[in-house]
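Letter by letter, the chains look like this.
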Amino acid sequence: MLDSNSQPLFEKSWDIVIIGGGNAGLCAAITAAERGCSVLVIETAPREFRGGNTRHTRNLRSVHDEPTDVMTDRYTFEEYWDDLMRVTKGVTNEPLAKLTLESSQALMEWLIERGVRFQKALSGTLNLNHTNAFFLGGGRAMLNSLCRFAESVGVNFVYEAEVTDILLENGFCESVDVTWEGQSYRVRCKQLITASGGFEADLDWLAEGWGDAAKNFLVRGTPYNKGKVLRVLLDCGAQPVGSLDQCHAVAIDARAPKYDGGIASRVDGVPFGVVLNKSAKRFYDEGEDFWPKRYAIWGRLVASQPDQIAYAIVDSEGVERFMPSVFAPIADDTIEGLASKLSIDPVAAKNTVDAFNAACPDGPIDQMSLDGKATKGLTPEKSNWSAPISKPPFFGYPLRPGITFTYMGVAVNDRAQVLMKDGKPAANLFAAGEIMAGNVLGQGYLGGIGMTIGGVFGRIAGAEAARVLNR
Ligand SMILES: Cc1cc2nc3c(=O)[nH]c(=O)nc-3n(C[C@H](O)[C@H](O)[C@H](O)COP(=O)(O)OP(=O)(O)OC[C@H]3O[C@@H](n4cnc5c(N)ncnc54)[C@H](O)[C@@H]3O)c2cc1C
């Protein structure tokens, strides 16, 4: 494989090697190439599956002080900060979190200047129009725009090439080992940026934090984020950040594929019915808050149920209240019939639904507000939108935990340098994106911040790596 000057890619000594061609890697690559560095992006996926989890995304969360073409109202730093504190409960590296939020507006402008297009502000059920900008054409279009731009400024890419090792001594990296077309190569570089995502596609590693439950997880994104590079960094003495079992996981349709199902397999019907476990028992308040604020806890909730399976059940009125998922629901005219089709005990399911119905208040629900229509005398309570499940046909969706991405990664500083266990930064080693997202996201999740963290730290890593080379 040759570069634009017909030199073999793997024989050259690169200014900067970047592992991973998702959002973080591309932001780093473009930034460094624009400063005159020679840049090689090593990506393990084939070209058609490039872009890791980035190609599944839809939006990015950004500060803006006044309405823009793509976001309504304003979303101040303070509001963003409050939102982040609420979801992480303060488990975050405050200086790095502030840096992320403060840099989000400039990131949007930078992306637009490099060909990324956003769609006009959305209105609708997700209530995200004043906080998040949506990529026109989704994450794949965003990714393709960045790849095109990267190529135009001279970034080199190699696909189906997996980094298997990093030669790191005393915090200094001089080369990486790569497997490509069955052969091993040692690729030299002056600076190394790791942007290879989390380890969510390695179910054995997930099992270290989740136990056997992990085998029943579905991986919503790329099968290529196995955390090999993260493991190498940790083995070489990089300082870990975040805990093993912290991740973003949502409840998705159990019929989704093991990997790469993306957003289409999400089930949004939970607030408008009940959720039963395999013993046909309810186990959590389905109406605790608006779905966008709660969907990210349901992955964990289902993960803690026996066999990591649950069933969302709605009636013919409830089914009209949310966006259909890609899989048609399982339907029957009776609760018992539906339960049999879902392989749960029909009598127990009927008893649970009857008890729920009897505890519902009178009158219609209002799904546009937290309507306070709570059940009475039921454990667990359903605190909003409690309407009897009584109008056939009845519909059921089997649910499994769908893991989006892991938070445990490597600690970095505000220059995106990887910190070693002694607290000192590695000399020429940087990290951006999911691999370091745990610095900001100690727990919880705020929709759209994943892309912000990757973009902000990708740009910082690219600029800092170039600066060390006096570019
Ligand atoms: C279904 C889904 C929807 C999402 N929606 C959103 C959203 O709307 N907004 C948002 O902010 N976030 C969203 N996220 C999270 C978001 O995708 C991530 O935060 C973001 O894409 C991370 O970017 P990254 O560059 O760090 O990793 P990735 O985009 O995953 O890129 C990492 C790359 O590294 C490569 N790689 C891994 N190991 C190696 C190796 N050993 N050698 C070479 N290459 C390697 C992988 O193939 C991959 O291409 C979503 C995630 C999923 C799964």
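Residues numbered from 1 in each chain as written. Predicted model: local features only at pLDDT ≥ 70, side-chain atom pairs only at ≥ 80, totals over all residues. Heavy atoms only, no water.

Draft legend 1. Looking closely at the nonpolar core. Ranked by internal contacts, the top residues of the largest apolar core, which has 114 residues, are Val39, Leu84, Leu111, Ile166, Val176, Ile449 and Phe457. The element that contributes the greatest number of residues to this core is helix 11 (residues 449-468), accounting for nine residues. Apart from the residues within four sequence positions on either side, Leu111 is in contact with Cys27, Leu60, Val116, Phe118, Met142 and Leu146. (Core = buried A, V, L, I, M, F, W, Y, C linked by side-chain atoms within 4.5 Å. Buried < 20%, exposed > 50% of the residue type's maximum accessible area, 1.4 Å probe, protein only. Helix = DSSP H or I, 4+ residues; strand = E, 2+ residues; numbered from the N terminus. Contact = heavy atoms within 4.5 Å.)

Draft legend 2. How the structure looks around the site of the ligand. Near the ligand you find 39 residues, and of these Glu43, Thr54, Asn59, Glu434 and Met451 are the closest. Tyr445 places a polar side-chain atom, nitrogen or oxygen, 3.4 Å from a nitrogen atom of the ligand. Starting from 1000 Å² of accessible surface for the ligand in isolation, the protein chains cover 97%. For the shell around the ligand, the secondary-structure elements that each account for two or more residues are helix 1 (23-34), strand 6 (161-169), strand 15 (394-406) and helix 11. For the shell around the ligand, the class distribution of residues is 13 nonpolar, 21 polar and five charged. (Near = heavy atom within 4 Å. Polar contact = N/O pair within 3.5 Å; in protein donor to acceptor, adjacent residues only side chain to side chain. Areas by Shrake-Rupley, 256 points an atom, 1.4 Å probe, with all protein chains shown as cover. Nonpolar A, V, L, I, M, F, W, Y, C, P; charged D, E, K, R; others polar.)

Draft legend 3. Layout of unusual backbone geometry. A cis amide bond links Thr379 with the next residue in sequence, Pro380, at an omega value of -10°. Cis geometry is found at the peptide bond from Pro392 to Pro393, where omega equals 0°. Along the chain, Pro393 falls in the loop between helix 10 (346-359) and strand 15. Phi is positive for Asn170, close to 50°, though the residue is something other than glycine. Examined against the element boundaries, Asn170 turns out to sit in the loop between strand 6 and strand 7 (172-180).

Draft legend 4. Looking closely at the pairing of strand 7. Bridging between strand 6 and strand 7 involves eight bridges; their strand directions are antiparallel. The residue bridging Leu167 from the neighbouring strand is Ser175, located in strand 7. In sequence, strand 6 turns back onto strand 7 through a hairpin of two residues, with Asn170 there showing a positive phi of about 50°. Two elements, strand 7 and strand 8 (residues 183-194), share six bridges in a ladder whose sense is antiparallel. Note on strand 8: the bridge partner recorded for Val176 is Val187. What sits between the antiparallel neighbours strand 7 and strand 8 is a turn of two residues, in which Glu181 has the positive phi angle 50°. (Pairing = 2+ DSSP bridges.)

Draft legend 5. Seen up close, the domain arrangement of the protein. Per the domain assignment, the segments of the protein are domain 1 (13-244 + 407-468) and domain 2 (249-402). Listed as interface residues are 19 residues of domain 1 and, on the opposing side, 21 residues of domain 2. Roughly 2000 Å² of surface becomes buried between domain 1 and domain 2 when both sides are summed, with 58% attributable to carbon and sulfur atoms. For Asp260, the salt bridge goes to Arg55, with nearest N and O atoms at 3.1 Å. Connecting domain 1 to domain 2 are 13 residue pairs in polar contact (both at pLDDT 80 or more). Mapped onto the side of domain 1 that touches domain 2, the elements with two or more residues apiece are helix 6 (203-210) and strand 9 (218-219). Classifying every residue of the side of domain 1 that touches domain 2 gives ten nonpolar, five polar and four charged. (Domains from an automatic or database assignment. Buried area = accessible area lost by both parts, 1.4 Å probe. Salt bridge = Lys/Arg side-chain N within 4 Å of Asp/Glu carboxyl O.)

Draft legend 6. Looking closely at the packing of helix 9 (residues 335-342) against helix 10. Contact geometry of helix 9 with helix 10 gives a least axis separation of 8 Å together with a crossing angle of 130°. As judged from the angle between their axes, helix 9 and helix 10 are oblique. Judged by the sense of rotation from one axis to the other, the crossing of helix 9 with helix 10 is right-handed. Contacts from Ile335, Glu336, Ala339 and Ser340 of helix 9 reach helix 10 at Pro346, Ala349, Lys350 and Val353. (Axes fitted to C-alpha atoms, helices over the stretch in contact; angles between N-to-C directions. Parallel < 35°, antiparallel > 145°, perpendicular 65-115°, else oblique. Left-handed = near helix turned anticlockwise from the far one by under 90°.)

Draft legend 7. Here's a closer look at helix 3 (residues 94-102). Taken together, the buried positions of helix 3 are Leu96, Ala97, Leu99, Thr100 and Leu101. Where helix 3 is buried, its residues touch helix 2 (77-88), helix 4 (104-113) and helix 11.

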